[in-house]
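# Results of the structural survey
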Amino acid sequence: MTDAPIRALLPAGLRDILPPDADHEAGVVGQLMAHFASQGYERVKPPLIEFEDTLLDGAGAATSGQTFRVMDPVSQRMMGLRADITPQVARLAATRLGGAPRPLRLSYSGQVLRVKGSQLRPERQFGQAGIELIGSATADADAEVVILAAESLHELGVPGVSVDLSLPTLVPALLTAFAVDDERLRAALDHKDVAVVAALGGAAASVLTALVGAAGPADRALTALDALDLPPQAAAERDRLATVVALIRAEAPDLVLTVDPVENRGFEYHAGVAFTLFTKGQGNEVGRGGRYLTSAGEPATGATLFMDTVLAAVPAAKPVRRCYVPMATPRAWSQALRTQGWVTVAGLETVADVVAEAKRLGCSHFLAAGSLVNVD
Amino acid sequence: MPSVDKLVIALPKGRILDEAMPLVRGAGIEPEAEFDNPKTRLLRFATNHPHIDIIRVRSFDVATFVAFGAAHLGICGNDVLMEFDYPELYAPLDLGIGKCRLSVAEPADLAESDDPRRWSHVRIATKYPEVTRRHFAARGVQAECVKLNGAMELAPSLGLCSRIVDLVSTGSTLKANGLKEVEVLAEVTSRLIVNRAALKTRPDELTGWISSFRTACEARRAA
């Protein structure tokens, strides 16, 4: 026998979403998907679970440590439960949609499951909604994805969206060029701990501390990056970033842009300009994305929004208008109300006090002889 | 860019605060008079900037408040940063205050006969279980940590365990308790820390404060 309170307990990081939040989430996802679709992104729906070796191939390798695994009793092969949908879409683009015309614009939404949450964001299951733009290596593709993601949040009424652009390939390239790769140095770069970077940076110390110092508002950061003497490959990355910033500025002049040339965490599979979406007043990022290569070696870029943090930033849902319809009311009457946007709640028993019953069921009105009556 | 949003600065109670306040004031932030009243029960203080508040909490909690975005800026030692390893914290400025080191210490007589290369397992009393575990794991030693919040120096003499990991500045407390510093895990100074999301969403404002603190630090070094 299990007690009711214990039966309510869910594993860490998992939760029930109740009314009205569940409906709100579905509505927000619907709005996002409609926005993506309106700009030519066609929806795909990969399965929740697939073979480990295809799920964790290429772009998926970075999610290996976050993936739940289970043995498939049918094929006797190991399967993984997706921790991220992007690698699945990249797989689709490389295989079944390999022959589809490029650039290929795809969108998706679904739930993901992760082995561990973080202290700041303990959710292990959450929804993702995103877009992938496959088969174009241009800066315009980079800019399109950033603008579309930011615009879709803006359209939901999320205030103060800002985009932090980063170049995850820059630091590894520099560390290799200067032969100073060190785990503690990378950790210090991640934390922008200038003192430790200066101490461990060796020959690269001055350029690395300058990179850390360059992080900030986009225009200032680009000026600071321009002043640096970078190896040719790193310089090319920097120029690409400047082009992308100029393209975004031209299309979305009001978007707050920052640049962080040393940001590297969570961008392990990225191969070019990457970005993180923040909203003012929210401690957590609401989405991220960037350029990567599919398992077929095709250039691609994309953006993923995290529905749990997006929902926290979206203004609360407007309460629905609920009307109590007493038992034995003709169906045509309540149908007429529904066509006007009312939610009807049907009585299943005859009650003595209709007003009290309507209030008890969270209705602001009830239907009496075909007309609405306010309960207050 | 005028911003009306609240900005909260978390400062650590105790030892570091005395060294930190000249820098906070040097950066142009002056707390209300009650801040200097040692008997005050207030935890949150207004400043000469209407939108900036100062909170005073334990140094471990400074990191937590800033990591979760409850405070936007803070001052705490890199010992605390190492222990928590919060991904949401940036430490863009070494303030050069609160200098000390995080060290392993053991009874003086044990230190003479001990050969650390033969260890497979040690038991250690510390306020820093994560740092300690990581440090010894890197050497192939399993560290079983007993978490204490203070008076670590008592643990060896009372038989709780034979070694401790703790902050050492002059070494006089260790000496008074018959302990000897045998290994330094890290040099410690206090950092200006900033919440990652705050730095991204309010870049002009926060980089402005970081550079004010940098100027205050340089002025202090020059003096």
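Residues numbered from 1 in each chain as written. Chains lettered and ligands numbered in written order. Predicted model: local features only at pLDDT ≥ 70, side-chain atom pairs only at ≥ 80, totals over all residues. Heavy atoms only, no water.

## Considerations on the sheet that holds strand 5 (residues 89-94) of chain B
Residue and element names in this part refer to chain B.
- Spatially, six strands are ordered 2-3-1-4-11-5 in an open sheet, and the strand pairing comes out mixed. In the strand order of this sheet, the two ends are held by strand 2 (44-46) and strand 5, each with one partner. Looking at each pair of strands side by side, their axes are set apart by 30° on average, direction ignored.
- Relative to strand 11 (residues 190-195), strand 5 is paired through four bridges, and the arrangement is antiparallel. Each bridged residue has a counterpart across the sheet, and for Asp-94 the counterpart in strand 11 is Arg-191.
- Strand contacts of helix 2 (residues 59-67): strand 1 (7-12), strand 3 (52-57), strand 4 (73-77), strand 5 and strand 11, with the helix running at about 145° to strand 4, the strand carrying the most contacts. (Pairing = 2+ DSSP bridges. Helix = DSSP H or I, 4+ residues; strand = E, 2+ residues; numbered from the N terminus. Axes fitted to C-alpha atoms, helices over the stretch in contact; angles between N-to-C directions. Contact = heavy atoms within 4.5 Å.)

## As for the environment of A:Gly290
Residue and element names in this part refer to chain A.
- Assignment of secondary structure puts Gly-290 in strand 11 (residues 287-293).
- Given the relative accessible area of 2%, Gly-290 is considered buried.
- Considered as a pair, Gly-290 and Phe-267 are 23 residues apart in the sequence and their alpha carbons are 8.2 Å apart.
- Discounting residues that sit within four places of it in the chain, Gly-290 has contacts with His-270, Val-273, Ala-274, Phe-275, Ala-300, Thr-301 and Gly-302. (Buried < 20%, exposed > 50% of the residue type's maximum accessible area, 1.4 Å probe, protein only.)

## Describing the domain arrangement of chain B
All names here are of chain B.
- By domain assignment, chain B separates into domain 1 (7-98 + 189-222) and domain 2 (100-187).
- Each of domain 1 and domain 2 was reduced to a C-alpha centroid, and the two centroids are 29 Å apart.
- Taken residue by residue, the interface counts nine residues in domain 1 and 10 residues in domain 2.
- Taken as a group, Asp-79, Met-82 and Glu-83 account for 59% of the area that domain 1 buries against domain 2, more than any other trio of residues on that side.
- Here domain 1 is connected to domain 2 by six residue pairs in polar contact (both at pLDDT 80 or more). (Domains from an automatic or database assignment. Buried area = accessible area lost by both parts, 1.4 Å probe. Polar contact = N/O pair within 3.5 Å; in protein donor to acceptor, adjacent residues only side chain to side chain.)

## A short note on a nonpolar patch on the surface
All names here are of chain A.
- Among the surface-exposed residues, Leu-48, Ile-49 and Val-70 lie close enough to one another that they form a single nonpolar patch of about 220 Å² accessible area.
- In this structure, Leu-48 sits in the loop between strand 1 (42-43) and strand 2 (49-51).
- On the basis of relative accessible area, Leu-48 is assigned to the partly exposed category, the value being 48%. (Patch = residues over 30% accessible without salt bridge, like charges linked within 9 Å, V, L, I, M, F, W, Y side chains within 5 Å. Areas by Shrake-Rupley, 256 points an atom, 1.4 Å probe, with all protein chains shown as cover. Salt bridge = Lys/Arg side-chain N within 4 Å of Asp/Glu carboxyl O.)

## Examining the packing of aromatic side chains
Residue and element names in this part refer to chain B.
- Summed over all chains, the structure comprises eight aromatic pairs over all chains.
- An angle of 85° between the planes, with centres 5.0 Å apart, marks the rings of Phe-35 and Phe-45 as edge-to-face. In this pair, Phe-35 sits in the loop between helix 1 (15-26) and strand 2 while Phe-45 sits in strand 2, placing the two residues 10 residues apart along the sequence.
- Residue classification places Phe-35 among the buried positions, given a relative accessible area of 3%.
- Ring plane angle 40° and centroid distance 6.1 Å describe the contact between Trp-119 and Phe-136, whose orientation is recorded as tilted. Note that Trp-119 is positioned in the loop between helix 4 (108-113) and strand 7 (121-126) and Phe-136 in helix 5 (residues 129-137), a separation of 17 residues in sequence.
- The exposure class assigned to Phe-136 is buried, which follows from its relative accessible area of 0%. (Phe/Tyr/Trp six-rings, centres within 6.5 Å; stacked < 30°, edge-to-face > 60°.)

## Regarding the nonpolar core
- Counting 68 residues, the largest nonpolar core has A:Val163, A:Leu165, A:Leu208, A:Leu211, A:Ile248, A:Leu277 and A:Val310 as its most contacted members.
- Of the residues forming this core, the biggest block, 10 residues, is contributed by helix 5 (residues 139-155) of chain A.
- Here this core spans two domains, and each of domain 1 (12-159 + 285-318) and domain 2 (169-262) of chain A adds at least three residues to it.
- Not counting residues within four places of it along the chain, the set of residues in contact with A:Leu277 comprises A:Ala149, A:Ala150, A:Leu153, A:Val161, A:Ser162, A:Val163, A:Glu285, A:Val286, A:Gly287 and A:Leu305.
- By size, the runner-up hydrophobic cluster in this structure holds 32 residues, among which are B:Val8, B:Cys100, B:Leu102 and B:Phe136. (Core = buried A, V, L, I, M, F, W, Y, C linked by side-chain atoms within 4.5 Å.)

## Remarks on helix 10 (residues 218-226) of chain A
All names here are of chain A.
- All of the buried residues in helix 10 are Ala-218, Ala-221, Leu-222 and Leu-225. Each buried residue of helix 10 lies within a common arc of 100° when the element is viewed along its axis, so the set occupies one face.
- Buried positions along helix 10 lie against helix 9 (205-214), strand 8 (216-217), helix 11 (232-251) and strand 9 (256-260). (Arc of directions from axis to C-beta.)

## Topic: the interface of chain A and chain B
- In this complex, chain A contributes 26 residues to the contact, which on the side of chain B involves 21 residues.
- Here chain A meets chain B over a buried area of about 2000 Å², counting both sides, of which 55% is carbon and sulfur.
- On the chain A side of the contact with chain B, A:Leu120, A:His191 and A:Lys280 bury the most area, a combined 28% of that side's loss.
- For the pair chain A and chain B, the number of links is six salt bridges.
- Here B:Lys200 ties to A:Asp260 by a salt bridge, and the two come within 2.5 Å at their closest N and O atoms.
- Linking chain A to chain B there are 10 residue pairs in polar contact (both at pLDDT 80 or more).
- Going through the elements one at a time, strand 7 (161-166), helix 8 (194-200), strand 9 and strand 10 (274-279) of chain A are the ones with two or more residues in the side of chain A that touches chain B.
- When the residues that make up the side of chain A that touches chain B are grouped by side-chain class, the tally is seven nonpolar, eight polar and 11 charged. (Nonpolar A, V, L, I, M, F, W, Y, C, P; charged D, E, K, R; others polar.)

## With respect to the packing of helix 6 (residues 170-178) of chain A against helix 9 of chain A
Residues and elements named next belong to chain A.
- Their axes nearest at 11 Å, the elements helix 6 and helix 9 cross at an angle of 170°. By the criterion of interaxial angle, the relationship of helix 6 to helix 9 is roughly antiparallel. Here Leu-170, Val-171, Leu-174, Leu-175 and Phe-178 of helix 6 come into contact with helix 9, specifically with Val-207, Leu-208 and Leu-211.
- Of the residues that constitute the contact of helix 6 with helix 9, the class distribution is eight nonpolar, no polar and no charged. (Parallel < 35°, antiparallel > 145°, perpendicular 65-115°, else oblique.)

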